[in-house]
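A closer look at the structure
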Amino acid sequence: MTDELTSPENLQGNAAYRALLSDIQNGHISPGDRLRETDIASQLGVSRTPVREAIRQLEADGLVTHLPRVGATVRKLDYSEVMELYEMRSVLECTAARMAARAASDVEIAELAVICDDLAKVGKGTEASRLNRQFHRALLEAAKNRFLIKSMLALQKAMLILGRTTLADEERYESAIAEHAAILNALSARDGDAAEMAMRAHITAGQRARIRALRAELDDKSLL
């Protein structure tokens, strides 16, 4: 007898969920985009049932909402939500940086250095965004606190619907490289205070870039 959790429908639903999550993360699906079951099912080569289940999971994550006469749509965060998100990100990631300065192994710090080097080579854009996420995830793991990790992973799902990466901007990309280097230097020195301070500067710079991007988007809409 097939277990309910491993039934073909559930497996396809999980696969559809991961595919949609990846498309949102990579910017192939943007905040405000409508999720049409028929189109998605055709693209993924599955029936509408697992797609419907995947959309339900995204809705439970807070990433999708249902709009009248439109249907399932990727949520857009308003200004206050963006500010709250960055506030919590600063609390959690600054704590992670402080903990990692104490708990990270030499191997983990060396891997963070490799990510920093790779980031400096790829140029602005999607790959830079991927490496940035990789750096923050590796640092979080190096902090070695499962409760902090669980809290941060929940926050990271909300961060998926922030919109286009700020690392697509050349100036922000160059600044982020320097900010990561400052965090890495503090970790290498095992200086928790400096690591926390460097991470706070990094998150604050990202927040400012995000606010500028939001203002630019509003300005563009006002011209339509």
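For the structure, check the block above.
Sequence order sets the numbering: in each chain, residues are counted from 1 along the sequence as written. Restriction of local features to residues with pLDDT of at least 70 applies here, the model being predicted, together with a cutoff of 80 or more for giving and counting side-chain atom pairs; totals for whole chains, interfaces and linings are based on all residues. Excluded from the side-chain calculations are hydrogens and water; all other atoms, namely the structure's heavy atoms, are used.

**Regarding helix α3 (residues 48–60)**
Counting from the N terminus, the helices are the DSSP runs of H or I reaching at least four residues and the strands are the DSSP runs of E reaching at least two. In this analysis, the expected span of each helix is defined as 1.5 Å times one less than the number of residues it contains. Between the first and last C-alpha of α3 there are 18 Å, a value that for 13 residues agrees with the 18 Å anticipated at 1.5 Å per step. Throughout, exposure labels follow a simple rule: accessible area from a 1.4 Å probe, protein chains only, divided by the maximum for the residue type, with under 20% read as buried, over 50% as exposed, and the rest as partly exposed. Those residues of α3 not exposed but buried are P50, V51, A54, I55 and L58. Projection of α3 onto a plane perpendicular to its axis shows the buried side chains occupying an angular sector of 140 degrees, all on one side. Downstream of α3 by one or two residues, G62 has phi in the positive range, about 85 degrees. Here the arc refers to the directions that run from the helix axis out to each C-beta atom.

**As for unusual backbone geometry**
Of note in the backbone geometry, R69 takes a positive phi value of approximately 65 degrees without being a glycine. Among the secondary structure elements, R69 is positioned in the loop between β1 (64–67) and β2 (71–74). The exposure class of R69 is exposed, given its relative accessible area of 84%. A positive phi angle, near 60 degrees, is found at K144, a position not held by glycine. Here K144 shows up in the loop between α6 (126–143) and α7 (146–159).

**A few points about the state of the cysteines**
Throughout, disulfides are identified as pairs of cysteine sulfur atoms within 2.5 Å of each other. Scanning the entire structure with this criterion turns up zero disulfides. C116 supplies the cysteine sulfur nearest to C94, a cysteine that is in no disulfide, at a spacing of 16 Å. By relative accessible area, C94 is classed as buried at 1%. When its relative accessible area of 12% is taken as the criterion, C116 is described as buried.

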